[in-house]
Amino acid sequence: GRDYDYLTYDYNLTTPWKFNVSAGTTVGGLVAIGAEYEYQDYSAMHFSYSDGEAMGWQNPTAKEMLKGVNTFRIGAEWKVIPQFAFRLGYNYMSAAFKKTAFKDLSYNSINTDTDFANAKANNNYTLGIGYRGSTFYADLVYMYSTYKEDFYPFDDGALKKTDVTNSRSKVMMTLGLRF
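Everything numeric here is computed off the predicted structure, so don't read it as measured data.

Cut-offs and rules
Residues numbered from 1 in each chain as written. Predicted model: local features only at pLDDT ≥ 70, side-chain atom pairs only at ≥ 80, totals over all residues. Heavy atoms only, no water. Pairing = 2+ DSSP bridges. Helix = DSSP H or I, 4+ residues; strand = E, 2+ residues; numbered from the N terminus. Axes fitted to C-alpha atoms, helices over the stretch in contact; angles between N-to-C directions. Buried < 20%, exposed > 50% of the residue type's maximum accessible area, 1.4 Å probe, protein only. Arc of directions from axis to C-beta. Contact = heavy atoms within 4.5 Å. Salt bridge = Lys/Arg side-chain N within 4 Å of Asp/Glu carboxyl O. Core = buried A, V, L, I, M, F, W, Y, C linked by side-chain atoms within 4.5 Å. Phe/Tyr/Trp six-rings, centres within 6.5 Å; stacked < 30°, edge-to-face > 60°.

Chemist: Sorry, what's going on with the sheet that holds strand β9 (residues 162-177) here?
Modeler: The pairing of strands in a sheet happens through backbone hydrogen bonds and is either parallel or antiparallel. Within the open sheet, the seven strands sit side by side as β2-β3-β5-β6-β7-β8-β9. Their pairing is antiparallel. Bordering the open sheet on either side are β2 (18-27) and β9, each of which pairs with just one other strand. Averaged over neighbouring strand pairs, the angle between their axes works out to 10° when direction is ignored. Here ten bridges tie strand β5 (residues 68-81) to strand β6 (residues 84-93), and the two strands are oriented antiparallel to one another. Within the sheet, the bridge partner assigned to Lys79 lies in β6 and is Ala85.

Chemist: When you look at helix α1 (residues 58-65) in this model, what are you seeing that I'm missing?
Modeler: Owing to its 3.6 residues per turn, the α-helix aligns residues three or four sequence positions apart on the same side. Of the residues making up α1, those classed as buried are Gln58, Asn59, Thr61, Ala62 and Met65. For α1, the buried positions fall inside an angular range of 160° around the axis, keeping them on one side. Its buried side turned inward, α1 meets β4 (46-49).

Chemist: Is there a simple way to explain the pattern of salt bridges in this structure?
Modeler: For side chains of opposite charge, pairing can occur when their charged atoms come near one another. Evaluation of the coordinates by the stated rule reveals eight salt bridges. Close ionic contact of Glu38 with Arg73 constitutes a salt bridge, the shortest N to O distance being 3.9 Å. Taken together, the positions of Glu38 in strand β3 (residues 31-41) and Arg73 in strand β5 put the pair 35 residues apart, joining distant regions of the chain. Here Glu38 falls in the buried class, since its relative accessible area comes to 12%.

Chemist: Please clarify how the nonpolar core should be interpreted in this entry.
Modeler: Membership of the largest hydrophobic core is limited to five residues, which are Met45, Phe47, Met55, Ala62 and Leu66. In this structure Phe47 touches Tyr11, Asn12, Leu13, Ala54, Met55, Gln58 and Asn59, once residues within four positions along its chain are discounted.

Chemist: Could you clarify how one ought to interpret the packing of aromatic side chains in this entry?
Modeler: Any two aromatic rings considered together are summarised by their centre-to-centre distance and by the angle between their planes. Enumeration over the complete set of coordinates arrives at eight aromatic pairs. Pairing Tyr11 with Phe47 gives two aromatic rings, centres 6.1 Å apart and planes at 50°, and the pair type is tilted. Separated by 36 residues along the polypeptide, Tyr11 in strand β1 (residues 11-14) and Phe47 in strand β4 bring together distant segments of the chain. Overall, the relative accessible area of 44% leaves Tyr11 in the partly exposed class. Residue Phe47 is classed as buried on the basis of its relative accessible area of 16%. Pairing Tyr90 with Tyr125 gives two aromatic rings, centres 5.1 Å apart and planes at 45°, and the pair type is tilted. Taken together, the residues Tyr90 in strand β6 and Tyr125 in strand β7 (residues 116-132) connect sequence positions 35 residues apart. Feature note: the residues Trp78, Phe84 and Phe86 constitute an aromatic cluster, connected by ring pairs.

Here it is as structure tokens:
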């Protein structure tokens, strides 16, 4: 057999800090309402080599292309009877990319894909039902997600973009036993 040397690239990623505040209340023991706000500044993430030295172009590119993201969540649950509940939820997440962001391929990149898309704000809507028995529980939820993006066929952001709307529906079910 033949031995092959594979290219390995070790690096460290320091993720940005996250700020979160939330509040919730119950009304009459039958309705629960909750809201949450979160902020995370993606432009503050930091790449370094395994020896701790900062990477050359990755950190300035992250600062130039990315921005802070605001996330807002609100939800409500209504207990029809103690074991059975209806749930509604909404989640908004602002865009992580600046409008001027583009795919920053280095001159010696081995990437052959030149297209990129700048995703805009994401909206998620949920509707669900749940059952909680003494040993068995079940949850069924429908989620609709939608977001727009600016699609560019090449890594040059000065070229004409295509406006794209992405939407997805999914149904999820969880079944469980407690013992």
